[in-house]
Amino acid sequence: MPMARALSSICVFCGARAGSNPAHTAAARAMGAAIAAQGWRLVYGAGDVGLMGEVARSAQSSGAPTFGVIPTHLMTAERGKQDLSQLVITEDMHERKKVMFMNSDAVVVLPGGAGSLDEFFEVLTWAQIGLHRKPIFLLNSEGYWNPLIALIDHIIAEGFADASVKGYFTAIPDVPALTEALRAALS
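Residues numbered from 1 in each chain as written. Predicted model: local features only at pLDDT ≥ 70, side-chain atom pairs only at ≥ 80, totals over all residues. Heavy atoms only, no water.

Let us look at the confidence of the model for the protein. With 97% of its residues at a pLDDT of 70 or more, the protein has an overall mean of 94. Every residue in residues 1-5 is under pLDDT 50, and counting partners more than four places away or in other chains gives one contact. (pLDDT = per-residue confidence, 0-100. Contact = heavy atoms within 4.5 Å.)

Moving on, we get to the pattern of salt bridges. Summed over the entire model, instances satisfying the criterion amount to eight salt bridges. One salt bridge in this structure joins Glu 54 and Arg 57, with 3.3 Å as the shortest N-O distance. Residue Glu 54 and its partner Arg 57 are both found in helix α2 (residues 50-61); the two are separated by three residues, about one turn of the helix. Between Glu 180 and Arg 183 there is a salt bridge whose closest N-O contact spans 3.1 Å. With Glu 180 and Arg 183 both in helix α6 (residues 175-186) and three residues apart, the pair spans about one turn of that helix. Taking the relative accessible area as the measure of exposure, Glu 180 reaches 47% and is therefore partly exposed. Since its relative accessible area comes to 40%, Arg 183 is described here as partly exposed. (Salt bridge = Lys/Arg side-chain N within 4 Å of Asp/Glu carboxyl O. Helix = DSSP H or I, 4+ residues; strand = E, 2+ residues; numbered from the N terminus. Buried < 20%, exposed > 50% of the residue type's maximum accessible area, 1.4 Å probe, protein only.)

Moving on, we come to the nonpolar core. With 32 residues, the main nonpolar core has Ile 10, Val 12, Val 108, Leu 110 and Leu 182 as its most contacted residues. Among the elements of the structure, β1 (9-13), α1 (22-37), β2 (41-44), α2, β5 (106-109), β6 (136-139) and α6 are those that each provide at least two residues to this core. With six residues, the single largest contributor to this core is α1. When neighbours within four sequence positions are excluded, Val 108 is seen to be in contact with Ile 10, Cys 11, Val 12, Phe 13, Met 31, Phe 137, Leu 178 and Leu 182. Ranked by size, the runner-up nonpolar core spans 25 residues in total, among them Phe 101, Ile 136, Trp 145 and Ile 149. (Core = buried A, V, L, I, M, F, W, Y, C linked by side-chain atoms within 4.5 Å.)

All right, on to the layout of surface pockets then. Here the largest pocket is characterised by a volume of approximately 370 Å³. Considering the residues around the largest pocket, the lining is formed by 26 residues, among which Cys 14, Gly 15, Ala 16, Gly 112 and Gly 113 are closest to the centre. Top contributing element to the lining of the largest pocket by residue count: helix α4 (residues 114-128), with four residues. (1 Å grid on protein atoms, 1.4 Å probe; cavity = no way out; pocket = protein on both sides within 12 Å on 5 of 7 lines; lining within 4 Å. Points joined across faces, edges and corners; volume = space filled by probe spheres on them.)

Here β6 shows two buried faces, one formed by Ile 136 and Leu 138 and the other by Phe 137 and Leu 139. Pairing of β5 with β6, which is carried by three bridges, proceeds in the parallel orientation. From the neighbouring strand, Val 107 faces β6, where its bridge partner is Ile 136. Here β6 pairs with strand β7 (residues 170-172) via three bridges, running parallel. Looking at β7, one finds that Leu 138 is bridged to Ala 171. Of the crossover connections in this fold, the one passing from β6 over helix α5 (residues 146-157) to the parallel β7 is right-handed. (Pairing = 2+ DSSP bridges. Right-handed = clockwise from strand over helix to strand, strands pointing away.)

Following this line, the structure appears as structure tokens:
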């Protein structure tokens, strides 16, 4: 008899702000609900603000376990969520990213700012140099990540990366398609 598969955990990197397009807030809520509907655990930055808070509240209200990781210095600014299934407080941002990544089976990047870009490029670089094989997805809500994808194409065209770098992540336009891609990647 096969062993039961452990609970899959989805690391969501996203903005600590809501941004100006309400479609991104709706996508964050839909992502949280989808994680719960699939019986997955949300791993995220433990904030209760911006898209982070939207994903977490949606996942929680839909019954998903939540694993939040936040550095001490952001507990006030990001209003560290205290009602999570598990909360880890780290010393710094580097440790935060590492703990989030180590406790996840896949990475999803929703719209966000410099922090989300940092998180995306770190896990992308780790994949590129062979440190992991976890799937990485960009939720390209309303084409938000199109300029990033164009930048990566430019980097490839200028000879600073091999075209294979685009094989380490997948951009997906909406939560239903992303959910299906995650299901396939985690099976």
